[in-house]
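# Coordinate analysis (summary)
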Amino acid sequence: MSILKIEDVAYVRFRAPDLAEMRGFLEDFGMTVTQATPTRLVARGAGSFPVAHVTELGDAGFAGVAFRAESLADLQRLAAAEGAAVEALDLPGGGSVVTLTDPDGHRVDVVAGQSPAAPLPVAKAQAWNRSDARDRLRATKRIAAGAANVVRLGHVVLNVSNFRASEQWYKDRLGFITSDEIQLSPEFALGAFLRCDRGEAPTDHHTLFLMQGRKGPGFNHAAYEVADLDDLMRGHQRLRDAGRHAEWGVGRHILGSQVFDYWRDPWGHTLEHWTDGDLFTASDGSNIASVQDLLGVQWGPPPPPTMG
Ligand SMILES: [Fe+2]
């Protein structure tokens, strides 16, 4: 039994030496900056969680991941079990935080009690006309050019030095369930896609992916859900027009089924746009998958060697 069962991932933290440059990238990527001080930049998506991306002024690097707990009581239980403190969270929306360190030294914030932000307007999706289902009749489809609408952070991928040790650490504390475990052989697992335990409520195929790779521990990527496929594609064009660094996409993953599009921020951190992912409940079980399933696509280009 885990100490708590998190609801979702919340935000990621980075350091960067030029906050104006980061702001330009985030706006091309489709986030809204809500706080810009000389030393910190905070951005949100269009959904109701008030924070999606935090940058502190400093040497470029990944600085941590945050997960959302259901309640303050969960945070108090976690703090007691870990010998940590429940502190006020100094970010838009307020709330409380317990800060932990995972087995590879990554900072992990577990947060609760944030005041929800008013959702930002996102153009209403128009129906698709399929060859076998004409759902948009006597109406045009017009997609305005612009950045994608990032709605929320959907998952984070961390490179770890020992998959089994990290898996145990995250499962024991935050209640993750394995969706797909990536095995090189029956004796050796490289990593796993982990989803939240929301009982019978459907949740994303993965909220956290842990991967034991050759590069050693570190940040792999953070993935933001956008409104829909049209939104992802117009966002792709915006990032291209702005001269941003495209990494991999557009394609459709096998595990999780998302349509994906990976970009790099000005310091090389990978951020992903995704849409149309699989949703499962706690009772949907776990699967074993291969590296070919992990890196393969249903359509789209193969992964570049830089990926991960
Ligand atoms: Fe991803």
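In short, a report on the structure. For every chain, the first residue of its written sequence is number 1, and the numbers climb from 1 along that sequence. Where local features are concerned, this predicted model is filtered to residues with pLDDT of at least 70; where side-chain atom pairs are given and counted, the filter is 80 or more; whole-chain, interface and lining totals use all residues. Each side-chain value is worked out from all heavy atoms of the structure, with water and hydrogens disregarded.

### Describing the overall build of the chain
Per the secondary structure count, the chain includes five helices and 22 strands. The size measure is the radius of gyration over C-alpha atoms, and the globule rule it meets is 2.2 Å times the number of residues to the 0.38 power. Whereas a compact globule of 308 residues would reach a radius of gyration of roughly 19 Å, the chain reaches 19 Å, a difference of no more than 12%. By principal-axis analysis of the C-alpha atoms, the chain measures approximately 60 × 50 × 35 Å. Classification of the 308 residues of the chain by burial places 50% in the buried group. Any pair of residues with heavy atoms lying within 4.5 Å of one another is described as a contacting pair. For the chain, long-range pairs separated by at least 24 residues make up 67% of all intrachain contacts whose partners lie at least 6 apart in sequence. A total of about 13,600 Å² of accessible surface is found on the chain, and carbon and sulfur atoms cover 51% of it. Counted as positive: Lys and Arg. Counted as negative: Asp and Glu. His and the chain ends are not counted at all. Taken as the charge location is NZ of Lys, CZ of Arg, CG of Asp or CD of Glu. A distance of 5 Å separates the average location of the 30 positive side-chain charges in the chain from that of its 39 negative side-chain charges. The helix and strand labels rest on DSSP assignments: H or I over at least four residues marks a helix, E over at least two residues marks a strand, and numbering proceeds from the N terminus. To sort residues, take the accessible area from a 1.4 Å probe on protein chains only and compare it with the maximum for the residue type: under 20% means buried, over 50% means exposed, and anything in between is partly exposed. The Shrake-Rupley method, run with a 1.4 Å probe sphere, supplies the accessible areas, and residue values consider only the shown protein chains as cover.

### Let's talk about the sheet that holds strand S2 (residues 32-36)
At least two DSSP bridges between two strands are needed for those strands to be called paired. Spatial strand order, S2-S3-S4-S1-S5-S8-S7-S6: eight strands in an open sheet with mixed pairing. Only two strands of the sheet have a single partner each, and these edge strands are S2 and strand S6 (87-88). Across four bridges, the pairing between strand S5 (residues 61-68) and strand S8 (residues 107-112) is parallel. Among the inter-strand pairings, Val-65 is bridged to a residue of S8, identified as Val-108.

### Things to note about the pairing of strand S18 (residues 259-264)
Of all the six residues making up S18, six are buried; the element is thus mostly covered by neighbouring parts of the structure. Of the two faces of S18, the one carrying Val-259, Asp-261 and Trp-263 and the one carrying Phe-260, Tyr-262 and Arg-264 are both buried. In terms of strand pairing, strand S17 (residues 245-253) meets S18 through six bridges, oriented antiparallel. Bridge pairing in S18 links Ala-246 to Trp-263. Hairpin connection between S17 and S18: a loop of five residues separates the two successive antiparallel strands, and Gly-256 in this loop has a positive phi of roughly 100°. Where S18 folds back onto strand S19 (residues 270-275) in an antiparallel hairpin, the turn is made up of five residues, including Gly-268, whose phi is positive at roughly 95°.

### Examining the coordination of the iron ion
The donor definition counts N, O and S atoms within 2.8 Å of each metal and applies 3.2 Å to Na, K and Ca; water is not among these atoms, so some sites may look incomplete. Looking at the metal site, the iron ion is ligated by His-155 (NE2), His-221 (NE2) and Glu-272 (OE), spaced 2.0 to 2.2 Å from it. For the iron ion, the donor residues sit on a single chain with the sequence spacing H-x65-H-x50-E. Note that His-155 is positioned in strand S11 (residues 150-160) and Glu-272 in strand S19, a separation of 117 residues in sequence.

### Some thoughts on the side chain of Arg-252
You can see Arg-252 is positioned in strand S17. Its relative accessible area of 19% is what places Arg-252 among the buried residues. Sequence-distant contacts of Arg-252, that is, excluding residues within four places in its chain, are made with Ser-257, Gln-258, Val-259, Phe-260, Asp-276, Val-297, Gln-298 and Trp-299.

### Some remarks on the nonpolar core
Within soluble globular proteins, side chains that are nonpolar generally end up buried alongside one another. What makes a nonpolar core is a set of buried Ala, Val, Leu, Ile, Met, Phe, Trp, Tyr and Cys residues whose side-chain atoms join them at distances within 4.5 Å. Counting residues in each nonpolar core, the largest one holds 55 residues, and the members touching the most others are Phe-67, Tyr-170 and Tyr-224. One finds Ala-10, Val-51, Leu-91 and Val-111 within the second-largest nonpolar core, a separate group that totals 11 residues.

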